[in-house]
Every structure is written in C-alpha cells, then in structure tokens.
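Next come the chains, spelled out residue by residue.
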Amino acid sequence: MADIKQVLVPDIGDYKDVSIIELMVKVGDTVNAEDSLLTLETDKAAMEVPAPYAGVVKEIKVKVGDKVSKDTLILLLESTGATIAPAADKPVVQEAATSPSPQPPASQKGSTALPPANAALTVPVVGERMSAAAGKAHASPAIRRFARELGVPIAQVKGSGMKGRVTKQDIQNFVKAALAQPRSSGNDNNLQVLAMPLIDFAKFGTIETKPLSRIKKLSGANLHRNWVSIPHITQFDEADITDMEAFRKQIGAEYTRQDTKITPLAFMLKAAVAALQKFPEFNASLDASGENLVLKQYCHVGVAVDTPDGLMVPVLRDVDKKGIAQLAKELGEISARARAKKISAAEMQGGCFSISSLGGIGGTAFTPIINAPEVAILGVSRASLKPIYKDGEFIPRLMLPLSLSYDHRVIDGAAAARFIVYFSQLLADARQMAL
Ligand code: CAO
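### What to know about the environment of V421
Note on placement: V421 falls in helix α7 (residues 413-428). Judged by relative accessible area, V421 falls into the partly exposed class, the value being 39%. Along the chain, V421 and D237 lie 184 residues apart, while their C-alpha atoms are 7.4 Å from each other.

### A closer look at the packing of aromatic side chains
In the structure shown here, the tally under the stated rule is 7 aromatic pairs. On the basis of an interplanar angle of 70 degrees and a centroid distance of 6.4 Å, the ring pair of F279 and F282 is categorised as edge-to-face. Here F279 and F282 have matching classes, each one buried. Pairing F353 with F419 gives two aromatic rings, centres 5.8 Å apart and planes at 45 degrees, and the pair type is tilted. With a gap of 66 residues between them, F353 in strand β18 (residues 353-357) and F419 in helix α7 connect regions that are remote in the sequence. Of the two residues, F353 and F419, both sit in the buried class.

### Describing the site of the ligand
Residues in contact with the ligand amount to 25 residues; listed here are only the nearest, T263, D306, R339, S356 and A383. With respect to the ligand, the side chain of T263 contributes an N or O atom lying 2.6 Å from an oxygen atom. Between the ligand and S381, the relevant distance is 2.9 Å, taken from a nitrogen atom to a main-chain nitrogen or oxygen of the residue. A total of 970 Å² of accessible area belongs to the ligand in isolation, and the protein chains cover 72% of it. Broken down by element, the residue count for the shell around the ligand peaks at 3 residues, all from helix α6 (residues 324-339). Per-class residue counts for the shell around the ligand are 13 nonpolar, 7 polar and 5 charged.

### Observations regarding the sheet that holds strand β8 (residues 73-79)
Read across the open sheet, the 4 strands follow the order β1-β8-β6-β3; overall the sheet is antiparallel. In the strand order of this sheet, the two ends are held by β1 (4-8) and β3 (30-31), each with one partner. Pairing analysis gives 2 bridges linking β3 to strand β6 (residues 55-60), with the strands arranged antiparallel. By the bridge assignment, V31 is partnered in β6 with G55.

Reading the values: rules and limits
- Residues numbered from 1 in each chain as written.
- Predicted model: local features only at pLDDT ≥ 70, side-chain atom pairs only at ≥ 80, totals over all residues.
- Heavy atoms only, no water.
- Helix = DSSP H or I, 4+ residues; strand = E, 2+ residues; numbered from the N terminus.
- Buried < 20%, exposed > 50% of the residue type's maximum accessible area, 1.4 Å probe, protein only.
- Phe/Tyr/Trp six-rings, centres within 6.5 Å; stacked < 30°, edge-to-face > 60°.
- Near = heavy atom within 4 Å.
- Polar contact = N/O pair within 3.5 Å; in protein donor to acceptor, adjacent residues only side chain to side chain.
- Areas by Shrake-Rupley, 256 points an atom, 1.4 Å probe, with all protein chains shown as cover.
- Nonpolar A, V, L, I, M, F, W, Y, C, P; charged D, E, K, R; others polar.
- Pairing = 2+ DSSP bridges.

Below is the structure:
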C-alpha cells in the first residue's frame, strides 16, 4: 500500500510567517532525500526546505507568496523508501561563509540575534540544490545571491564543492579571473571608489528603517552595475506629435469599447522598431569579450513599468510583427501583470531596446540608465503645447520630449542623433510607420 506522508516546514528558528518565493517541485515529480522542495525568504535571509526522504510528490498544499511557519504542511510525499535526510529538520545559519556583506568592524558588532541583511539560512546539504543533469548550477541561495550581486553568471562557474557545488571561493576565483582579463573586456568593474561613510542618522532626529523590497534590491544591483560599467551619453530631442495625437484620439474611442487603451507609447513602440531596423547597431549587444557586436534579427522591446514594489521591465516580443492596437493591448496586459507581481523572470529577458515612459506623470527630460546587455534606452517625458515657428508665424504644436541614453562604446553621437531624429520624424508623420 502507498506510504503517503506529510512534509512540514522544519524548525526555522525564530522566524514566523516567512514567504515562499520559489517552489521547486510540482505534483508528479520524483525527488531524492535532501532535494530542495521550496525556498523561503525573510527580509534578512533565504533558506531552502529539503525533502526528508525520497518519494513522489502527490499533492502540494502551498503556493508561491504563501506565508509559512514551523510545522506548516507543505506537501504530501509518497515514499519510495530511500534514506531519511540527516538533519533535514535542523536548519543552519550560514553567515560569514556566505554573506557578501563585509563584516562590520569589531567595534560595531552587537548582540543582534539576526544574521546580517544578506546572510542566508540554509538547511544543510540541500541548500546546494539544482540538478546538474538539468544543466543548472549547484548552488545555495546565498551563493546564488552572492553571484548575482557581483554580476557573475553562475551557470558559467565551475563548482569545486561536494557533488560539483559552486562555493563562495569559486565565485571569488571567477571574479579574480575576470579581472585579470585584458582591460578591453566589456566586464571591467574594477572601480576604486571611497566606501560610503557609516552614519548614525538617529543622531539628527527620529528615524524609521524600512527594508528595500526584493525587486528594488535586485534591480538596484543591476542598475548600479550598468551605471558604472557603461559609458552613458543622453541625447535629447522633441517630436511634434500633434497629428499623431489627433489620430490616436480619433481611433481611441473605438478601441476603448474593445477594452484596449491606446496610449502614445504604442505608437512609440512601433517607431522604435522602425528606427532599430534602420540603425541595426542599436539592436545589438557587446559580446563577453567586449570586442564583437552581436546583431539581433529579432525585435523584442522592454517597457519600464512602475510597480508598488519597484521598477520592472517586462519585454514585449516580436514588436516588429505587431500592429499598434495589438501592442497597446499587450502593453496594458503586461503592465497590469507586472503590477500584480505575475511576471516571470523569463518575461523580463531577451529585450533588444527599452522604453521608459514617464509621460503619464510629468517632467521635461531625464537620463535613463541603459538596461544591459542592451545598448540604448529611450526615456519619454510629458508632451506639452509649445509655440513652434513655422512659415513666418508661431503656431501651437504638441511636443514630446525624448531622452535617448546610449552606450558610447557601441554608438557614436552622430548615430544617436540620426536615430532620435528619425524616431521623431516617424512620430511627427505616423503614416510613415505603416510603410
Ligand atoms: N505625454 C502626455 N501624456 C501622456 C504621455 C506623454 N508622453 N504618455 C502617456 N500619457 C497619458 C496617456 O495617454 C494617459 O492619458 P489618459 O488617461 O487621459 O488616456 C495617461 O497619460 C496615463 O498613461 P499610462 O501611464 O497609464 O500609460 P502609458 O502607456 O503611457 O504607460 C506604463 C504605461 C506601464 C509604461 C506606465 O504606466 C509606467 O509605469 N510608467 C513608469 C515607467 C517608469 O517608472 N520609468 C522610470 C524608470 S527609470 O528609467
């Protein structure tokens, strides 16, 4: 008779109501003792919960986003009779060994019971999950986070630990080897800057400390890397969108009845595609050596979406093959899903170019940060009526401010000016986009 057992959250110390951020199994999966079942994360730590014995997953009782504590029922596992994981119910705190944060000086070490912000809690052995057979790196959440923060593609790191696990030392060796590469490499991050001073803000008044959201922590590390490692230049222009707006309003009512809101951004996606096709070095990335340009034959465009938890950039696929109404529909759907935290990591990958529109909010110009490995990003601000001198008189025209940031290693200033002028002309005469 089938031996179906309940798998509960093991003892996770003082933590209660911890969020599930990843489920690693589904119903029907066969797991070995110690294979990871799910990842839990608090603001301060991440940990994986191992299978206490080998078996087949019969039913899953939790989902991503659920909050669990010790003894919460996770799933039902039909035992296949293999070994019980030793110490699977005894999580271990991995601190200095895995934390990417520098240790504070002795004078600042307090009696705090919690691990430092980036430390990870893992259950022994199983922390290093991921099947090598599946072609993924064997690494604990803390090691993966460490790699992410350093911008190290963990799949490229050869693991020297038990069963090929990637260790902290492997990541450090990978970084050392990368730094030893010739300086022409596109990945040189060896910046020597002063450390930020440690400031006790409470000295100056009442304060409250609020942890950054998970999205902000992840996107912050990427933004920082892109900001310091790419030589950015931002080229500004204004597009006359008077006629485009008249047309958009004319067709808008009809599409609103079909539940599609056509905003200026849908037209800009289309114009961006035409400009990317005319200037292919904008639809490109530097390869890992920094010496070759990878030109893309596809056209996926990322759109920055402001969500309550921070900035997300989901990618609209094959924008060149879609019309303005379909793009508007997809834009509405993808931004709604981003705000509802229903965008997968895969949906934020593969972009060729990004558009960041703050036009619905306001502002006259800004300098967007390039979303590497892309080489350019278009910032859009709020259109306003301006007096434009034409045929001997000033006439009111609706002008849209554009800010194009580009990677100066790949794109020359003249090419950027040509790109943005062409883009502006397309918006000024939207009929050209149909050609
Ligand atoms: N000028 C004037 N009005 C504009 C405009 C512009 N450039 N762009 C949009 N609008 C109008 C729209 O037409 C809409 O008007 P109505 O409600 O009267 O129809 C209104 O502003 C709101 O538009 P929206 O913001 O809802 O829709 P959108 O398609 O323009 O943008 C999205 C969608 C998801 C990009 C946007 O909501 C968003 O999140 N923007 C923030 C992106 C961000 O944070 N960027 C900063 C990243 S740092 O680089």
